[in-house]
Amino acid sequence: QMQLVESGGGLVQPGDSLRLSCAAAGFTVNSYTMGWFRQAPGKERERVACISKPYRATYYASSVNGRFTVSIDNAKNTMYLQLNSLQLEDTAVYYCAARRANPFCDDMESWGNGTLVNVSL
């Protein structure tokens, strides 16, 4: 059974930082294409960042403007997303997802339940 559990979201102010975690079980993160997605109220789900396999190519959405960093801790089998200089527009539920190794970061096979990032004044 593949499981993904996000954590680390919360209520923050513009300019603050958060680190989101995606703990994986039942598979090895290092062998899978892993991605972060978000969905804001009234908007479609957006691909934020991913690490594709087998080439380990990293993708970031232009909307994050170099503020986010995705990483993997193989020892902990966990993927992280560092969110810096948060803006109001970053408010969304953030999801992690996984699929078998593929150059693309879509058509994901397994999803977590999400963690809410609420950037508010």
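Here the structure is a predicted model, which is why all the values come from computation and not from measurement. (Residues numbered from 1 in each chain as written. Predicted model: local features only at pLDDT ≥ 70, side-chain atom pairs only at ≥ 80, totals over all residues. Heavy atoms only, no water.)

## Structural notes on the state of the cysteines
Defined as follows: The disulfide criterion is simple: two cysteine sulfur atoms within 2.5 Å. Helix and strand labels come from DSSP, where a helix needs a run of H or I of at least four residues and a strand needs a run of E of at least two; each type is numbered from the N terminus. Buried residues are those whose accessible area, probed at 1.4 Å on protein chains only, stays under 20% of the maximum for their type, while exposed residues exceed 50% and partly exposed ones sit between those limits.
Under the counting rule described, the total for this entry stands at two disulfides. Across a sulfur-sulfur distance of 2.1 Å, Cys-22 and Cys-96 are joined as a disulfide pair. Taking the sign of the torsion about the S-S bond as the criterion, the disulfide between Cys-22 and Cys-96, at about 65°, is right-handed. Within this pair, whereas Cys-22 is found in strand β3 (residues 18–25), its partner Cys-96 is found in strand β9 (residues 92–100), the two being separated by 74 residues in sequence. Accessibility classification places Cys-22 together with Cys-96 in one group, the buried group. In this model, Cys-50 is linked to Cys-105 through a disulfide, with the two sulfur atoms separated by 1.9 Å. Disulfide Cys-50 to Cys-105: torsion about the S-S bond roughly 90°, handedness right-handed. With Cys-50 in strand β5 (residues 46–51) and Cys-105 in the loop between β9 and β10 (110–111), the pair connects residues that are 55 residues apart, well separated along the chain. The pair formed by Cys-50 and Cys-105 is uniform in burial state, with each residue classed as buried. With its bonded cysteines labelled in order along the sequence, the chain shows the pairing 1-3, 2-4.

## Considerations on the pattern of salt bridges
Applied cut-off: One side-chain nitrogen of Lys or Arg within 4 Å of one carboxyl oxygen of Asp or Glu is enough to make a salt bridge.
Evaluated as defined, the whole model comprises five salt bridges. When the shortest N-O distance is used, the salt bridge between Asp-90 and Arg-67 registers 2.7 Å. Of this pair, Asp-90 sits in the loop between β8 (78–83) and β9 while Arg-67 sits in the loop between β6 (58–60) and β7 (68–73); the two residues are 23 residues apart in sequence, bridging distant segments of the chain. Note that Glu-109 and Arg-100 form a salt bridge whose closest N and O atoms lie 2.5 Å from each other.

## Examining the pairing of β7
Keep this limit in mind: Note on pairing: two strands pair once DSSP finds at least 2 bridges between them.
Pairing analysis gives six bridges linking β7 to β8, with the strands arranged antiparallel. Pairing of Phe-68 across the sheet is with Leu-83, part of β8. Hairpin connection between β7 and β8: a loop of four residues separates the two successive antiparallel strands, and Asn-77 in this loop has a positive phi of roughly 55°.

## Regarding the sheet that holds β8
As a reminder of what qualifies: Between N-to-C directions, angles span 0 to 180 degrees; the directions come from axes that are lines fitted to C-alpha atoms, helices contributing only their stretch in contact.
Pairing is antiparallel across the open sheet formed by four strands, whose spatial order is β1-β3-β8-β7. Lying at the two open borders of the sheet, with one neighbouring strand each, are β1 (3–7) and β7. Each strand of the sheet is rotated relative to its neighbour by a mean of 15°, with strand direction disregarded. Across six bridges, β3 lies against β8 in antiparallel orientation. Within β8, the position partnered with Ser-21 by the bridge is Tyr-80.

## Remarks on the environment of Val-70
Test applied: Pairs of residues are marked as contacts when any of their non-hydrogen atoms sit within 4.5 Å.
Its place among the elements puts Val-70 in strand β7. Those residues in contact with Val-70 that lie beyond four places of it in its chain are Trp-36, Ala-49, Cys-50, Ile-51, Thr-58, Tyr-60, Met-79, Tyr-80 and Leu-81.

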